[in-house]
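Reading the structure
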Amino acid sequence: MQTKPFKLNPKKLLHSKWTAVKPVNKEKHFMVTKLIFRDEETQVIEAVEIEAVMTWRVQVIDWHALQDRAVWKQGCVA
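Our subject in this report is the structure included herewith. Keep in mind it's a predicted model, so treat the numbers as computed, not measured.

With that out of the way, let us pick up the pairing of strand β2 (residues 27-39). Taken residue by residue, a regular strand's side chains alternate between the two faces of the sheet. Of the pairings in the sheet, the one linking strand β1 (residues 17-24) to β2 comprises four bridges and is antiparallel in character. Bridged to Trp-18 within β2 is Phe-30. Across eight bridges, β2 lies against strand β3 (residues 44-52) in antiparallel orientation. Across the sheet, Leu-35 pairs through a bridge with Val-48, a residue of β3. Hairpin remark: β2 followed by β3, antiparallel, with four residues in the connecting loop; positive phi at Gln-43, about 60°.

Written out as structure tokens, the structure is:
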């Protein structure tokens with residue numbers, strides 16, 4: 001059974017916290033540290049920069065990927 005993606009408000013992405021369902025390199029908890037805009041005038045978000053809480057490693061991902069419940073959970077879940 002496939003779960004439906006949840007609605008995500010792009011205006012509330014900055015500084016939001018996420019938990020990886022399948023952690024890689026012991027990186028489980030992340031925080032959105034930067035929004036990357038496609039167009040500065042219209043403020044259309046293209047991607048987000050997320051930082052691993054444990055290692056501070058930064059990666060850029062499509063912000064829509066955060067809606068996939070098989071990959072991400074919203075908040076810092078144990």
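The next thing to look at is the environment of Ala-52. Examined against the element boundaries, Ala-52 turns out to sit in strand β3. On a C-alpha basis, the gap between Ala-52 and Lys-28 in space is 7.3 Å, while along the polypeptide they are 24 residues apart. Apart from the residues within four sequence positions on either side, Ala-52 is in contact with Glu-27, His-29, Phe-30 and Arg-57.

Take Glu-27: it is sitting in strand β2. With residues up to four places along the chain from it excluded, the contact list for Glu-27 reads Ala-20, Ala-52, Thr-55 and Arg-57.

A sheet is described by the order of its strands in space; here five strands give the open sequence β4-β3-β2-β1-β5, paired in antiparallel fashion. Strands at the two margins of the open sheet, each flanked by one partner only, are β4 (58-62) and β5 (72-74). Looking at each pair of strands side by side, their axes are set apart by 35° on average, direction ignored. One ladder, built from five bridges, connects β3 with β4; its direction is antiparallel. Within β4, the residue paired with Ile-50 across the bridge is Gln-59.

Next up on the list: the side chain of Thr-19. Along the chain, Thr-19 turns up in strand β1. Other than its neighbours up to four places away in sequence, Thr-19 contacts Lys-28, His-29, Val-71, Trp-72, Lys-73, Gly-75, Cys-76 and Val-77.

This next bit is on the nonpolar core. Leu-13, Trp-18, Val-48, Leu-66 and Trp-72 are the most contacted members of the largest nonpolar core, which totals 16 residues. No other element matches the four residues that β3 contributes to this core. Among all residues touching Val-48, those that are not within four sequence positions of it are Leu-13, Val-32, Lys-34, Leu-35, Gln-59, Val-60, Ile-61, Trp-63 and Leu-66.

What counts and how
The written sequence of each chain sets the order in which its residues are numbered from 1. Reporting in this predicted model follows two pLDDT cut-offs: at least 70 for local features of residues, and 80 or more for side-chain atom pairs to be given and counted; totals over whole chains, interfaces and linings ignore these cut-offs and use all residues. Values reported for side chains reflect all heavy atoms of the structure, with hydrogen atoms and water molecules removed beforehand. Two strands make a pair as long as DSSP finds a minimum of two bridges between them. Helix and strand definitions follow DSSP, with helices as H or I runs of at least four residues and strands as E runs of at least two, each counted in order from the N terminus. Residues are treated as being in contact if the distance between any of their heavy atoms lies within 4.5 Å. The axes are straight lines fitted to the C-alpha atoms, using for helices just the contacting stretch, and the angles between their N-to-C directions are given from 0 to 180°. Grouping buried Ala, Val, Leu, Ile, Met, Phe, Trp, Tyr and Cys residues that are joined through side-chain atoms within 4.5 Å yields what is termed a nonpolar core. When accessible area is computed with a 1.4 Å probe and restricted to protein chains, residues below 20% of their type maximum are described as buried, those above 50% as exposed, and intermediate ones as partly exposed.

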